Amino acid sequence: MIERPRRLRATPALRRLTAETRLHPAELILPMFVREGTREAAPISSMPGVVQHSLDSFRAALNEAAELGIGGVMLFGVPEGKDAIGSGATDPNGILNVATRTAIAEVGDALVVQTDLCLDEFTDHGHCGVLAADGSVDNDASLLRYRDMALAQAEAGSHLLGLSGMMDGQVAAVRDALDGAGFEGTPTLGYAAKYASAFYGPFREAVQSSLVGDRRSYQMDPANRREGSREIDLDVLEGADVVMVKPAMSYLDVLADAADRSPVPVWAYQVSGEYAMIEAAAANGWIDRRRAVEESVLSIRRAGADAVLTYFAVELAGWLR
Ligand code: PBG
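Every value quoted in this text rests on a predicted model; they were computed, and no experiment measured them.

Re the overall build of the chain
And then number 1: When its secondary structure is counted, the chain shows 11 helices and 10 strands.
And then number 2: For the chain, whose C-alpha radius of gyration is 20 Å, the value lies close to the compact-globule estimate of 20 Å for 321 residues.
And then number 3: Here the C-alpha coordinates of the chain stretch approximately 70 × 45 × 40 Å along the principal axes.
And then number 4: Counting across all 321 residues of the chain, residues that qualify as buried make up 52%.
And then number 5: Counted over contacts in the chain with a minimum sequence separation of 6, partners at least 24 positions apart contribute 75%.
And then number 6: As displayed, the chain has an accessible area near 14,300 Å², and 50% of this comes from carbon and sulfur atoms.
And then number 7: Across the chain, the mean location of the 30 positive side-chain charges is 10 Å away from that of the 45 negative side-chain charges.

Some words on the site of the ligand
And then number 1: Neighbouring the ligand are 18 residues; Asp-120, Arg-204, Lys-246, Ser-272 and Tyr-311 lie closest to it.
And then number 2: Gln-219 is positioned with one of its side-chain polar atoms (N or O) 2.8 Å from an oxygen atom of the ligand.
And then number 3: Note that a nitrogen atom of the ligand is positioned 3.1 Å from one of the side-chain N or O atoms of Lys-246.
And then number 4: Protein contact buries 100% of the 400 Å² of open area that the ligand shows by itself.
And then number 5: Placement of the ligand is best described as lying within the largest cavity.
And then number 6: Looking at the shell around the ligand residue by residue, the class counts come to 8 nonpolar, 3 polar and 7 charged.

What to know about the nonpolar core
And then number 1: Core analysis: the largest hydrophobic core is formed by 68 residues, its most contacted members being Ile-70 and Val-73.
And then number 2: Look past the residues within four positions of Val-73 in its chain and what remains in contact with it is Ile-29, Leu-30, Met-32, Leu-62, Leu-111, Val-112, Val-113 and Gln-114.
And then number 3: Ranked by size, the runner-up nonpolar core spans 28 residues in total, among them Phe-33, Val-78, Tyr-200 and Val-293.

So, unusual backbone geometry
And then number 1: Cis rather than trans, the peptide bond between Lys-246 and Pro-247 has omega equal to -10°.
And then number 2: Relative to the helices and strands, Pro-247 is located in the loop between β8 (242-246) and α8 (252-261).
And then number 3: The phi dihedral of Met-166 falls on the positive side, at around 60°, and the residue is not glycine.
And then number 4: Looking at the secondary structure, you find Met-166 in the loop between β6 (160-163) and α5 (170-180).
And then number 5: The phi dihedral of Gln-208 falls on the positive side, at around 50°, and the residue is not glycine.
And then number 6: Along the chain, Gln-208 turns up in the loop between α6 (201-206) and α7 (226-237).
And then number 7: You can call Gln-208 partly exposed: its relative accessible area is 37%.

So, the packing of helix α10 (residues 289-303) against helix α11 (residues 313-320)
And then number 1: Taken N-terminus to C-terminus, the directions of α10 and α11 make an angle of 100°; their axes are 11 Å apart at the nearest point. Judged by the inter-axis angle, α10 sits roughly perpendicular to α11. Here α10 contributes Arg-289, Arg-290, Val-293, Glu-294 and Val-297 to the contact with α11, which in turn contributes Glu-315, Leu-316 and Trp-319.
And then number 2: Its residues placed into classes, the contact of α10 with α11 shows 4 nonpolar, no polar and 4 charged.

Re the environment of Leu-62
And then number 1: Looking at the element boundaries, Leu-62 is found in helix α2 (residues 55-67).
And then number 2: Residue Leu-62 is classed as buried on the basis of its relative accessible area of 0%.
And then number 3: Sequence separation of Leu-62 and Val-73 is 11 residues, and the distance between their C-alpha atoms is 8.2 Å.

Description of the pattern of salt bridges
And then number 1: In this structure the tally under the stated criterion is 13 salt bridges.
And then number 2: Note that Glu-106 and Arg-59 form a salt bridge whose closest N and O atoms lie 3.8 Å from each other. Taken together, the positions of Glu-106 in helix α3 (residues 95-107) and Arg-59 in helix α2 put the pair 47 residues apart, joining distant regions of the chain.
And then number 3: Residue classification places Glu-106 among the partly exposed residues on the basis of a relative accessible area of 34%.
And then number 4: The salt bridge partner of Arg-175 is Asp-241, with a shortest N-O separation of 3.9 Å. Here Arg-175, found in helix α5, pairs with Asp-241, found in the loop between α7 and β8; they are 66 residues apart in sequence, far enough to count as distant.
And then number 5: Each of the salt bridges in this network shares a partner with another, and the network as a whole consists of Asp-56, Arg-59 and Glu-106.

A word on a positive patch on the surface
And then number 1: A cluster of like positive charges, contributed by Arg-4, Arg-6, Arg-7 and Arg-9, occupies part of the molecular surface.
And then number 2: By the element assignment, Arg-7 lies in the segment before α1 (12-18).
And then number 3: Judged by its relative accessible area of 49%, Arg-7 falls in the partly exposed class.

Things to note about empty space enclosed by the protein
And then number 1: Across all of its chains, the model carries 1 cavity of 30 Å³ or more by this definition.
And then number 2: Around the largest cavity, the lining comprises 19 residues; the ones closest to its centre are Asp-120, Lys-194, Tyr-200, Phe-203 and Lys-246.
And then number 3: Those elements that place two or more of their residues in the lining of the largest cavity are β7 (188-194) and α6.
And then number 4: Here the lining of the largest cavity is composed, by residue class, of 9 nonpolar, 3 polar and 7 charged.

Thresholds, definitions, all that
Residues numbered from 1 in each chain as written. Predicted model: local features only at pLDDT ≥ 70, side-chain atom pairs only at ≥ 80, totals over all residues. Heavy atoms only, no water. Helix = DSSP H or I, 4+ residues; strand = E, 2+ residues; numbered from the N terminus. Rg over C-alpha atoms; globule rule 2.2 N^0.38 Å. Buried < 20%, exposed > 50% of the residue type's maximum accessible area, 1.4 Å probe, protein only. Contact = heavy atoms within 4.5 Å. Areas by Shrake-Rupley, 256 points an atom, 1.4 Å probe, with all protein chains shown as cover. Lys, Arg positive; Asp, Glu negative; His and termini not counted. Charge placed at Lys NZ, Arg CZ, Asp CG, Glu CD. Near = heavy atom within 4 Å. Polar contact = N/O pair within 3.5 Å; in protein donor to acceptor, adjacent residues only side chain to side chain. 1 Å grid on protein atoms, 1.4 Å probe; cavity = no way out; pocket = protein on both sides within 12 Å on 5 of 7 lines; lining within 4 Å. Sits in = over half its atoms within 2 Å of the grid points. Nonpolar A, V, L, I, M, F, W, Y, C, P; charged D, E, K, R; others polar. Core = buried A, V, L, I, M, F, W, Y, C linked by side-chain atoms within 4.5 Å. Axes fitted to C-alpha atoms, helices over the stretch in contact; angles between N-to-C directions. Parallel < 35°, antiparallel > 145°, perpendicular 65-115°, else oblique. Salt bridge = Lys/Arg side-chain N within 4 Å of Asp/Glu carboxyl O. Patch = residues over 30% accessible without salt bridge, like charges linked within 9 Å, V, L, I, M, F, W, Y side chains within 5 Å. Points joined across faces, edges and corners; volume = space filled by probe spheres on them.

In structure tokens form, the structure reads like this:
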């Protein structure tokens, strides 16, 4: 026997030297929820350890994230009121835009402050866009709302707009609106290959979603891999500065394809259900929590993600220091 791969696995030092993938705090992004009209942080039962922040607890958490050297934060707003067109999303005093200005003032130099550009937290029907008379999600009417939402977020100072609505043409529409208003320098993150996933379950609690039904008429079918590549290509053509695959762990093939073909950075989102599964198994003593967290994020990096959105970002960054 000449080939003995075990030779390089013999000691911790050899394994460290030959590791093909490494984690670093700078490539971790923490999703955060900020709730309107609350004084104290509120726990999210399906996501132990994750909270809906008040503006005060949000400031403290931002500073902790900055101290640990993570790459950025992705902000979601939980508004007090909702309506059919998601007015809170475009209101400069809407919770997400207020949270964005707060984050920019607090940690704007240390972290890339990113914002979710989607209507679902703000609509009373819970869909990512506005509805047509027949109740379907109206793609092109939703683009008009996204244009206005993009301007509100850019004006609030967002460093990167996370286009997660899965409307066709959303990257081009937002790019055009930004460029027309002097925001040529504001980049976009296209949630290019976003699948209609059961793993978003806990997120619906986190943002108190009013959705009845599902998002299968606009988010992708989990059966489709080739279509994932098509969505990546389209977002790049429309001018996305970064593209995303979401969820992460059940879509590592799609992620590897994206990493192969994309000329722009490819990120992946380890979503709420992925977080909840690890937490639940660990709470039962069924898996080693820290090892499972590290292995899960490492696998997403290994498959090709340049950066990872994960609810473990700050804790993981602490371990990596
Ligand atoms: C849409 C959005 C969702 C998530 C991120 N952006 C919900 C959805 O598409 O249903 C899910 C993130 C997670 O599950 O952690 N605003």
